[in-house]
Amino acid sequence: MQVINSVKDMQTWSAMQKTQGLSIGLVPTMGYLHAGHMTLVGEARQNCDRVIVSIFVNPIQFGVGEDYEVYPRDLERDQSLLQEAGVDVLFSPPVAEMYPPGFSAFVEIEGEITAKLCGAFRPGHFRGVTTVVSKLFNLALPDRAYFGQKDAQQLLVLEKMVRDLNFPLEIIRVPIVREADGLAMSSRNVYLKGEQREQALVLSRSLQTARAMIADGERDPEKVKENMLQIISHSPLARVEYIEIAKARDLSAM
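Being a predicted model, the structure only gives us computed values, none of them experimental. (Residues numbered from 1 in each chain as written. Predicted model: local features only at pLDDT ≥ 70, side-chain atom pairs only at ≥ 80, totals over all residues. Heavy atoms only, no water.)

K.L.:
How do you make sense of the sheet that holds strand β6 (residues 170-174) when you look at a structure like this?
P.N.:
Overall, parallel pairing links the 6 strands, which are arranged β1-β4-β3-β2-β5-β6 in an open sheet. Where the open sheet ends on each side, the last strands, each with one partner, are β1 (2-4) and β6. Across this sheet, the average inter-strand angle for adjacent strands is 25 degrees, counted without regard to direction. Packed on one face of the sheet, helix α1 (residues 7-19) meets β1, β2 (24-29), β3 (50-55) and β4 (89-91) and runs near 165 degrees to β3. In the packing of helix α7 (residues 125-140) onto the sheet, the strands contacted are β2, β3, β4 and β5 (144-148), and the crossing angle to β2 comes to about 150 degrees. (Pairing = 2+ DSSP bridges. Helix = DSSP H or I, 4+ residues; strand = E, 2+ residues; numbered from the N terminus. Axes fitted to C-alpha atoms, helices over the stretch in contact; angles between N-to-C directions. Contact = heavy atoms within 4.5 Å.)

K.L.:
Would you mind going over α7 with me for this structure?
P.N.:
For the α-helix, the turn length of 3.6 residues means that residues three or four positions removed from each other point alike. Its 16 residues give α7 an end-to-end C-alpha distance of 22 Å, which sits within 8% of 22 Å, the value for a rise of 1.5 Å per residue. Among the 16 residues in α7, 13 count as buried, and that is most of the element. Two residues or fewer past α7, L141 is found with a positive phi of approximately 50 degrees. (Expected span 1.5 Å × (residues − 1). Buried < 20%, exposed > 50% of the residue type's maximum accessible area, 1.4 Å probe, protein only.)

K.L.:
I would appreciate a short explanation of the pairing of β3 in the present structure.
P.N.:
The side chains of a regular strand alternate, residue by residue, between the two faces of the sheet. When you tally the buried positions in β3, you get 5 out of 6 residues, the bulk of the element. Bridging between β2 and β3 involves 6 bridges; their strand directions are parallel. By the bridge assignment, L26 is partnered in β3 with I52. In the classification by handedness, the crossover that spans β2, the intervening helix α2 (residues 35-47) and the parallel β3 is right-handed. As defined by bridge partners, β3 adjoins β4 across 3 bridges and the pair is classed as parallel. Each bridged residue has a counterpart across the sheet, and for I52 the counterpart in β4 is V89. In this fold, β3 hands off to helix α3 (residues 75-84), which returns the chain to β4; that crossover is right-handed. (Right-handed = clockwise from strand over helix to strand, strands pointing away.)

As far as function goes, none of this settles anything; it's purely spatial.
Take a look at the structure:
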């Protein structure tokens, strides 16, 4: 596996693969890899001639007071996992490579799709995501880019960006990977200790309840949300920012 840290070297390598008629799969990550990430890598490995995994903790998608400085990092461990998985390139640039002095160009998706849910609570977050992913697309030149459905709003935003800006690639959705007890895998799960980890399971329980209600024919969003809130209320450490039921394509109201 080749490790590339330079923007220029990454673009040169990708262009060389294209001249040979080889397809490229890209898996963008912020590192501290888990089984969910490795599932994305496996999908890319199965369907592309070359696989690039990026590891870059993107500062411009973190807001004031968020966890950029303490976000879990273990590049040596991640590199070993990717080597074992047969990845062709690990792209791990320093911040100054991605955002050199004077950088002032951003990609922003406007409208309801970014204004609600996480977008309402994390101003500027999706602008940071779309900007860095656009840069990664231009550097890696992927035919396919792989993203997990855990970050559902992010996935919809990126799909819209690809459509609206005519990126010549396909975004591949990969289902959520969960722990045996139902908790969705996340690099940030390392923050959860003891009772926090146990009570975090209320998230998957409330979602399973909502899914069962809808499968049984319930069509009133308020009744579904009420039941979810009731379940979450039994976990004193849980704090609800939002529960919304929206159309899957663009997050508009039901």
